[in-house]
Amino acid sequence: MSVSRAVNIADLRRLAQRRLPRIVFDYADGGAEDEITMRDNCRVFDTITLRPRSAAAIPQVDLRTTVLGTTFDLPLLLAPIGSTRMFHPHGEALSARAAGEAGTGYILSTLSGSPLEEVKAAATRPVWYQLYLVGGHNVARAGIERARKAGFSALVVTIDTPVAGMRERDVRNGTKELLTRRIGSMLPFVPQFLARPRWLAGFIADGGLMNFPNVMLPGGPMAYADVGTALEQCAVSWPDLRWIRDAWNGPIVVKGVHTADDARRAVDAGAEGIVVSNHGGRQLDGVAATLRVLPQVVEAVQGQTEVLFDGGIRRGSDIVKALSLGARAVLVGRAYVYGLGAAGGPGVTRAIEILRADLVRTLKLLGCASTATLNRSFVDVPTDWTPAAP
Ligand SMILES: Cc1cc2nc3c(=O)[nH]c(=O)nc-3n(C[C@H](O)[C@H](O)[C@H](O)COP(=O)(O)O)c2cc1C
């Protein structure tokens, strides 16, 4: 099946599974420990019911959304994904281009396999840079400066990664051993790579994923195998927001908020935006699904910062539910990664198209003319949803 015939994101996921070696597919598809939070992120959408207004006769719907002063054609942005280049040659640039062509934004991870300047050059709409402090403050400062010079328009500071989550699929698959790049430890992977010749040919032609060109250490770009240690050595804390703000001098979005308290801290730290996110269930397993905490966070910030949302979005109706509960826009992660893994740029375009068509249809069926006018009256939440813990 080609991506043009993929009916939904689950189809793209199956196609990605067919094209990618297991070790690469599982890196995208998996989550932390028992993957409870990862699954809950998706399942929670099933507990929200929609409340349509019938006979509303809406010939056209308006999907435009303004985030940090920029109007996008869609209420979704592509989330930062580390090592995107592993899914497809030049994966970051292809994704940024596909987002731009669809009239929306792209967020580049610090841990990307492509230089940020190359990705910016491929984009036709605003792109944001996601910051990890890997390599220490000076290295991060240099990365911020590069992103500013290249024209990235917002900085996304991820705060939920003081260590890498325990992704058991990666451990079982031997990801760490593979990344040592010693011939002996790489041999066991040869059969699964050979079984995916299209992916392998592209990966080799692309030079293989050797390092992170946006993390320039004194000896050169940070090597691939150093990520876990690097994250642990430079966890971000609230006081860091001050020097980050001075170094960046532009809008800051704090990503990884999942309590009302942290949302208020982000407001106090002067964040222009926050992302209610648990990293797609890849960090602390056992935290609540993000949709479950979204209303509390929206209430806590009282409109003082823009609230974005991610986690578990696989359908346009999921986006409608998140917007109805107060998110201004959403980030999609795996939904577009599956498209990229399935077929590169056209796969990302197809993922966005699927979500866009879903959005248009859902809004018409709901009797709502625009994403901007979605509100709580369009959904019912379970009666046992309790307010934030004190
Ligand atoms: C393979 C993969 C890599 C990721 N890498 C990063 C990253 O480098 N920085 C970051 O802030 N979030 C990262 N995330 C989290 C996403 O930005 C986003 O929060 C998450 O994917 C949303 O959940 P969803 O995949 O269910 O849409 C990553 C997620 C995945 C699946």
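Scroll up for the structure.
The structure displayed is predicted, hence computed values, not measured ones.

Colleague: I tried to follow the packing of aromatic side chains on my own but got confused; where do I start?
Modeller: Aromatic ring pairs are reported here in terms of the distance separating the ring centres and the angle at which the planes meet. By the definition in use, this model includes eight aromatic pairs. Taking the centre distance of 5.8 Å and the plane angle of 15° together, the rings of tyrosine 27 and phenylalanine 87 count as stacked. Here the residue tyrosine 27 occupies a position in helix H2 (residues 22-29), and phenylalanine 87 occupies one in the loop between strand S4 (76-78) and helix H4 (91-101), the gap between them amounting to 60 residues. Of the two residues, tyrosine 27 and phenylalanine 87, neither departs from the other in class, the shared state being buried. Among the aromatic side chains, those forming a connected cluster through ring pairs are Phe189, Phe193, Trp199 and Phe203.

Colleague: What am I meant to see in the site of the ligand here?
Modeller: Around the ligand sit 21 residues in total, of which Pro80, Ser109, Thr158, Asp310 and Gly312 are the nearest. With respect to the ligand, the side chain of lysine 255 contributes an N or O atom lying 2.9 Å from a nitrogen atom. Separating an oxygen atom of the ligand from a side-chain N or O atom of serine 277 is a distance of 3.4 Å. Here the residues of the shell around the ligand sort into six nonpolar, ten polar and five charged.

Colleague: Would you mind showing me how to read the pattern of salt bridges here?
Modeller: A pair can form between side chains of opposite charge whenever their charged atoms are brought close. Enumeration according to the criterion identifies 19 salt bridges in this entry. In this structure, the salt-bridge partner of arginine 125 is aspartate 73, at a minimum N-O distance of 3.4 Å. Linking arginine 125 in the loop between helix H5 (116-122) and strand S6 (127-131) with aspartate 73 in the loop between strand S3 (70-72) and S4, this pair joins segments that are 52 residues apart in sequence. The partly exposed category is assigned to arginine 125, whose relative accessible area is 26%. On the basis of relative accessibility, which here comes to 30%, the residue aspartate 73 falls in the partly exposed class. The network of salt bridges with common partners includes Arg13, Asp26, Asp29, Glu35 and Arg169.

Colleague: Looking at this model, I keep getting lost on the pairing of strand S11 (residues 273-276). Mind explaining?
Modeller: Where a strand is regular, its side chains alternate between the two sheet faces. Of the two faces of S11, the one lined by Gly273 and Val275 and the one lined by Ile274 and Val276 are each fully buried. After leaving strand S10 (residues 252-257), the chain enters helix H14 (residues 260-268) and then returns to the sheet as S11, a path that is right-handed. Both S11 and strand S12 (residues 306-310) contribute to a ladder of four bridges, which runs parallel. Its bridge partner lying in S12, glycine 273 is registered against glutamate 306.

Colleague: What should I look at first to understand helix H17 (residues 334-343) in this one?
Modeller: In an α-helix, one full turn covers 3.6 residues, which means residues spaced three or four apart are oriented alike. When you tally the buried positions in H17, you get nine out of ten residues, the bulk of the element. Among the residues trailing H17, glycine 344 stands out with phi positive, at a value near 70°.

Colleague: When you look at the environment of asparagine 278 in this model, what are you seeing that I'm missing?
Modeller: Looking at the secondary structure, you find asparagine 278 in the loop between S11 and helix H15 (290-301). Residue classification places asparagine 278 among the buried positions, given a relative accessible area of 2%. Taking C-alpha positions, asparagine 278 is 14 Å from valine 157, a pair spaced 121 residues apart along the chain. Ignoring any residue separated from it by four or fewer positions in sequence, one finds asparagine 278 in contact with Thr37, Asn41, Asp160, His258, Gln283, Val287, Ala288, Ala289, Thr290 and Asp310. A distance of 3.2 Å separates the side chain of asparagine 278 from the backbone oxygen of alanine 288, its partner in a polar contact.

Colleague: Looking at this structure, I do not really get a nonpolar patch on the surface. What am I missing?
Modeller: On the surface, a cluster of nonpolar side chains totalling about 410 Å² of accessible area is made up of Ile183, Leu187, Val190 and Leu194. Summarising the element assignment, valine 190 is placed in helix H10 (residues 190-194). Since its relative accessible area comes to 37%, valine 190 is described here as partly exposed.

Colleague: Looking at this structure, I do not really get the pairing of S6. What am I missing?
Modeller: Of all five residues that make up S6, five are buried, and the element is covered over most of its length. On the question of chirality, the crossover connecting strand S5 (residues 106-109) to the parallel S6 by way of H5 is right-handed. Two strands pair when backbone bridges link them, and S6 and strand S7 (residues 155-158) are joined in this way by three bridges, in the parallel orientation. Across the sheet, the residue bridging to tyrosine 129 is leucine 155, located in S7. Note that the unit made of S6, helix H6 (residues 137-150) and S7 has a crossover that is right-handed.

Colleague: Hey, could you run me through the environment of glycine 165 in this one?
Modeller: The residue glycine 165 is located in the loop between S7 and helix H7 (168-173) in this model. In this structure glycine 165 comes out as buried when scored by relative accessible area, which is 17%. Separated by 149 residues in sequence, glycine 165 and alanine 16 have C-alpha atoms that sit 23 Å apart. Every residue in contact with glycine 165, bar those within four places of it in the chain, is listed here: Arg282 and Gln283.

Cut-offs and rules
Residues numbered from 1 in each chain as written. Predicted model: local features only at pLDDT ≥ 70, side-chain atom pairs only at ≥ 80, totals over all residues. Heavy atoms only, no water. Phe/Tyr/Trp six-rings, centres within 6.5 Å; stacked < 30°, edge-to-face > 60°. Helix = DSSP H or I, 4+ residues; strand = E, 2+ residues; numbered from the N terminus. Buried < 20%, exposed > 50% of the residue type's maximum accessible area, 1.4 Å probe, protein only. Near = heavy atom within 4 Å. Polar contact = N/O pair within 3.5 Å; in protein donor to acceptor, adjacent residues only side chain to side chain. Nonpolar A, V, L, I, M, F, W, Y, C, P; charged D, E, K, R; others polar. Salt bridge = Lys/Arg side-chain N within 4 Å of Asp/Glu carboxyl O. Right-handed = clockwise from strand over helix to strand, strands pointing away. Pairing = 2+ DSSP bridges. Contact = heavy atoms within 4.5 Å. Patch = residues over 30% accessible without salt bridge, like charges linked within 9 Å, V, L, I, M, F, W, Y side chains within 5 Å. Areas by Shrake-Rupley, 256 points an atom, 1.4 Å probe, with all protein chains shown as cover.

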